[in-house]
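# Structural characterization, general
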Amino acid sequence: MPLPLIHYLYPSGLPKYLPQHEDGEPSWALVTGATDGIGRALCVELSARGFNVVLHGRNPSKLARVRDELQAQHPQRRFRTVTADAASFSQADIDRITGEIADVPLTVLINNVGGTGVLSSNFMHFKDTTPAEIDGVFKVNVLFALQLTRALLPQLQHQQAPTLVMTCGSQAHVGQPYIAAYSATKGALHAWTRALAAEQRALGGSQVDILEVVIGATYTQAFEGDSNFPTGSIHAHARCRGPRGARQGRPRTSLRVCVLLASRADVLPGPAADQRRGWSCGEDTETER
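Summarised in this report is the structure supplied together with it. Being a predicted model, the structure only gives us computed values, none of them experimental. (Residues numbered from 1 in each chain as written. Predicted model: local features only at pLDDT ≥ 70, side-chain atom pairs only at ≥ 80, totals over all residues. Heavy atoms only, no water.)

### Details of the packing of helix α5 (residues 131-158) against helix α6 (residues 180-202)
- At a minimum axis separation of 8 Å, α5 and α6 run at an interaxial angle of 15°. In terms of axis orientation, α5 runs roughly parallel to α6. The two elements α5 and α6 meet at a crossing, and its hand is right-handed. For the pair α5 and α6, contact is made by Val137, Phe138, Asn141, Val142, Ala145, Leu146, Thr149, Leu153 and Gln157 and by Ala181, Tyr182, Ala184, Thr185, Lys186, Ala188, Leu189, Trp192, Leu196 and Gln200, respectively.
- Residues belonging to the contact of α5 with α6 are distributed by class as follows: 13 nonpolar, 5 polar and 1 charged. (Axes fitted to C-alpha atoms, helices over the stretch in contact; angles between N-to-C directions. Helix = DSSP H or I, 4+ residues; strand = E, 2+ residues; numbered from the N terminus. Parallel < 35°, antiparallel > 145°, perpendicular 65-115°, else oblique. Left-handed = near helix turned anticlockwise from the far one by under 90°. Contact = heavy atoms within 4.5 Å. Nonpolar A, V, L, I, M, F, W, Y, C, P; charged D, E, K, R; others polar.)

Below, the structure written as structure tokens:
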């Protein structure tokens, strides 16, 4: 049976990260790269399942538009936005984000932002990658997630309830030619996720679950018009299916498989040491994971 189908058969364990707080306020989730594609879809699904959501992005007007759309869809939920360019962030940005959400009961952090947008071409020989591009691709794909998680981990641990750090990885971590620098970032995220999970398990009393979701081939806006990405290739443009399986002209991203990530099969009780899955999420995203 295909692995993604198996996950549909398990009831979601996501409610364990949605405890009832003393003031009656629902838990909050922070999603980075939340204005498009997978990130936006996760915001939709989390809010539909009872979470208040903090949306991160680099474009304030775009963030405001997505926030207003989500608020209209889920008037009973609360939404906030935080801005920072993951490709050029500073420690001051991390400190500012941490301060802006210090007052909310944060139980879920999803490190979703990433991509090849800082590269001059999606596919190239490694020798043609500039030093600035190598620095940039590591900053947006690795350093932002590490620095944000480091800053927010004490807040997650303070909740005295199950919390989740989820990082969206990529099948590129196995090492794919012509995206060598990008593959290196995903390999780094993969190793970091396993190490962080082992640390949390070693703490004994930690209730922070660590999860890596390995996203499969995803057609993104970054690939549109790229001569190195021919139409009809193995990464052909995937479109979502409607309620009855009808193909849509423009995908309406749902990513229910990724939201079911917290099923019993994925996050075991207590810190999870090596929870990675090879799901393929055929969605439009602004940036490749």
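Here the narrative resumes.
### Details of the packing of helix α4 (residues 91-100) against α5
- Interaxial distance between α4 and α5 falls to 10 Å at its minimum, and their mutual angle equals 40°. Classified by the interaxial angle, the pair formed by α4 and α5 is oblique. Once α4 is placed against α5, the crossing between them reads as right-handed. Together, Gln91, Ile94, Ile97 and Thr98 of α4 and Phe144, Gln147, Leu148, Arg150, Ala151 and Leu152 of α5 make up the contact between the two elements.
- Grouping the constituent residues of the contact of α4 with α5 by class yields 6 nonpolar, 3 polar and 1 charged.

### Concerning the pattern of salt bridges
- Under the defined criterion, the tally for this structure stands at 11 salt bridges.
- Among the ionic pairs, lysine 62 bridges to aspartate 36, the shortest N-O distance being 2.6 Å. Taken together, the residues lysine 62 in helix α3 (residues 60-73) and aspartate 36 in the loop between β1 (28-31) and α2 (37-48) connect sequence positions 26 residues apart. Comparing lysine 62 with aspartate 36 shows no difference in burial state: the two are buried. (Salt bridge = Lys/Arg side-chain N within 4 Å of Asp/Glu carboxyl O. Buried < 20%, exposed > 50% of the residue type's maximum accessible area, 1.4 Å probe, protein only.)

### So, α2
- If you check α2, its first and last C-alpha atoms are 17 Å apart, about what 12 residues at 1.5 Å a residue would give, namely 16 Å.
- Among the 12 residues of α2, 10 are classified as buried, and the element is accordingly described as predominantly covered.
- Looking only at α2, the buried set comprises Gly37, Ile38, Gly39, Ala41, Leu42, Cys43, Val44, Glu45, Leu46 and Ser47.
- Downstream of α2 by a residue or two, glycine 50 has a phi angle that is positive, lying close to 105°. (Expected span 1.5 Å × (residues − 1).)

### Looking at the side chain of aspartate 93
- For aspartate 93, the position within the fold is in helix α4.
- Looking at aspartate 93, its side chain comes within polar contact range of the side chain of arginine 96, at 3.0 Å.
- Residues in contact with aspartate 93, not counting those within four places in the same chain, are Ala84 and Ser88. (Polar contact = N/O pair within 3.5 Å; in protein donor to acceptor, adjacent residues only side chain to side chain.)

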